[in-house]
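Here's the letter readout for the chains.
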Amino acid sequence: LITLANLVSGETVVEVGCGTGPLLLDLLTTVGPAGRAIGIEPQPYLAAQARARLARHGLAERAEVRIGRAESLEVPDALADVCVAQTVLLHLPAPACTRALAEMARVTKPGGRVLTLDQDMSTFVVNHPDTDLTGRILQANLRQYAQPWMGRQARGRLLDAGLRDVRVQVIVQAETDPSGFLVGSAERAARRVAEMGAISAAELEAWLRQLRELVEAERFFASLNYYACVGRKPA
């Protein structure tokens, strides 16, 4: 993401939806002592975690984390050289997503860059012997997201927000490690789908048991595509 954003020393970067701050820390490190970073996070607990992370690295004086929402950024016009949102837009309903991108463009300087990264949840694949049930689970799981196809839609959304020269890079997350992110994602997806009533409790139990058997046999595999889009605000 940092490479795509083309960050250089001394720039100002705004991260929308910074969570506990891991990317914000990397962004701040990249822009160096002359640079500045602002994180926007709607959840106070996560914002506090981000502030603590920055403080542990002695960077609190060059960055701040503000409580706020993507669709209403309390940031001055044309402040940022780069504005970033990582896995944010797919969680926003369409009107809020449109406002968020308009806000990201507003706070970016003319000639600056807006960068988004979102999954396209239809690309989530899980190796499992019960292919029919797995397909039902992954299809029903799409309903957990406000914009499950944001990955494929992001380029058009950035163009609609007035950005130009929009480039796309696909990042494929493929995992065989049972301690990785995707095995937990698969389990959580199945449990959420069961809570929705899309599969029965018996189907959930059987599916999870077979998934664990794959893990124990070192046959686990899952993958998910992320789509990074970066556009330039017209000068």
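Above: the structure in question.
Thresholds applied
- Residues take numbers from 1 onward in each chain, read along the sequence in its written order.
- Only residues with pLDDT of at least 70 are given local features in this predicted model, and only at 80 or more are side-chain atom pairs given and counted; all residues enter the totals for whole chains, interfaces and linings.
- Heavy atoms from the whole structure form the basis of all side-chain values; hydrogens and water molecules are not counted.
- Going along the chain from the N terminus, every DSSP run of H or I of four or more residues is numbered as a helix, and every run of E of two or more is numbered as a strand.
- The buried label applies to any residue whose accessible area, calculated with a 1.4 Å probe on protein chains only, is under 20% of its type's maximum; exposed applies above 50%, and partly exposed to all values in between.
- Axis lines are fitted to C-alpha atoms, over the contacting stretch for helices. Their N-to-C directions set the angle, which ranges from 0 to 180 degrees.
- When describing relative orientation, an angle under 35 degrees is termed roughly parallel and one over 145 degrees roughly antiparallel, while 65 to 115 degrees is termed roughly perpendicular and anything else oblique.
- With the far helix as reference, a near helix turned anticlockwise by less than a right angle produces a left-handed crossing, and one turned clockwise produces a right-handed crossing.
- Contacts are residue-level and defined by heavy atoms, with any inter-residue pair within 4.5 Å sufficient.
- Residues are sorted three ways: Asp, Glu, Lys and Arg are charged, Ala, Val, Leu, Ile, Met, Phe, Trp, Tyr, Cys and Pro are nonpolar, and all the rest, Gly among them, are polar.
- When charges are counted, neither His nor the chain ends are considered; positive counts come from Lys and Arg and negative counts from Asp and Glu.
- We count a salt bridge whenever a side-chain nitrogen from Lys or Arg sits within 4 Å of a carboxyl oxygen from Asp or Glu.
- One fewer than the residue count of a helix, multiplied by 1.5 Å, yields its expected span.
- What the arc covers is the set of directions going from the helix axis to the C-beta atoms.
- A pair of strands is labelled paired if DSSP reports no fewer than 2 bridges between them.
- With strands facing away from the observer, any crossover in which the path from the first strand over the helix to the second runs clockwise is taken as right-handed.
- Both site types are read off a 1 Å grid over the protein atoms alone. A 1.4 Å probe that fits but cannot get out defines a cavity, while an open set with protein on both sides within 12 Å along at least five of seven lines defines a pocket; lining residues have an atom within 4 Å of a point.
- Grid points are joined across faces, edges and corners, and a volume is the space filled by probe spheres set on the points.

S.K.: Kindly report on unusual backbone geometry, identifying the contributing residues and their values.
M.R.: Even without being glycine, asparagine 6 reaches a positive phi, approximately 55 degrees. Secondary-structure assignment places asparagine 6 in the loop between helix H1 (2–5) and strand E1 (12–16). Its identity is not glycine, yet glutamate 218 carries a phi of approximately 60 degrees, on the positive side. Positionally, glutamate 218 belongs in the loop between helix H8 (201–216) and strand E8 (222–232). Given the relative accessible area of 72%, glutamate 218 is considered exposed.

S.K.: Any chance you could break down the packing of helix H4 (residues 94–107) against helix H6 (residues 150–160) for me, citing the residues and the numbers?
M.R.: Between H4 and H6, the least distance of the axes is 11 Å, while the angle of their chain directions is 50 degrees. Considering the angle they form, H4 stands oblique to H6. Crossing of H4 against H6: the hand is right-handed. Across the interface between the two elements, Ala94, Cys97 and Leu101 from H4 touch Met150, Arg157 and Leu158 from H6. For the contact of H4 with H6, the class distribution of residues is five nonpolar, no polar and one charged.

S.K.: Can you tell me about the side chain of glutamate 15, naming the residues and giving the values?
M.R.: Examined against the element boundaries, glutamate 15 turns out to sit in strand E1. No salt bridge is formed by the buried glutamate 15. Its closest oppositely charged neighbour is arginine 53, at 9.0 Å. Once you skip the residues sitting within four places of it in the chain, glutamate 15 turns out to touch Leu23, Leu24, Leu27, Ile38, Gly39, Ile40, Val84 and Gln86.

S.K.: Lay out H8 in plain terms, naming residues and giving numbers.
M.R.: Relative to the 22 Å expected for 16 residues at 1.5 Å per residue, H8 spans 23 Å between its end C-alpha atoms, a close match to the ideal helical length. Leu204, Trp207, Leu208, Leu211 and Leu214 are the residues of H8 that are buried. Down the axis of H8, the smallest arc covering the buried residues is 115 degrees, so these residues share one side. Residues of H8 that are exposed and angled more than 90 degrees away from the buried face: Ala202, Glu205 and Glu216.

S.K.: A description of the pairing of strand E2 (residues 36–41) should follow, citing residues and the corresponding values.
M.R.: The element E2 is largely enclosed, with a buried count of five among its six residues. Pairing between E1 and E2: five bridges, direction parallel. Looking at E2, one finds that valine 14 is bridged to isoleucine 38. In this view, the connection linking E1 to its parallel neighbour E2 by way of helix H2 (residues 22–31) has right-handed handedness. Examined bridge by bridge, E2 and strand E3 (residues 63–67) share five bridges and lie parallel to one another. Note that in E3 the partner of alanine 37 across the bridge is alanine 63. Between the parallel elements E2 and E3, the chain passes through helix H3 (residues 44–56) in a crossover that is right-handed.

S.K.: Let's hear about empty space enclosed by the protein: which residues, and what values?
M.R.: Counted under the stated rule, the structure contains one cavity of 30 Å³ or more. Its boundaries defined by the atoms lining it, the largest cavity holds a volume of some 40 Å³. Taken together, Ile40, Arg66, Ile67, Gly68, Arg69, Ser72, Leu73 and Glu74 make up the full set of residues lining the largest cavity. Looking at the lining of the largest cavity, its residues break down into three nonpolar, two polar and three charged.

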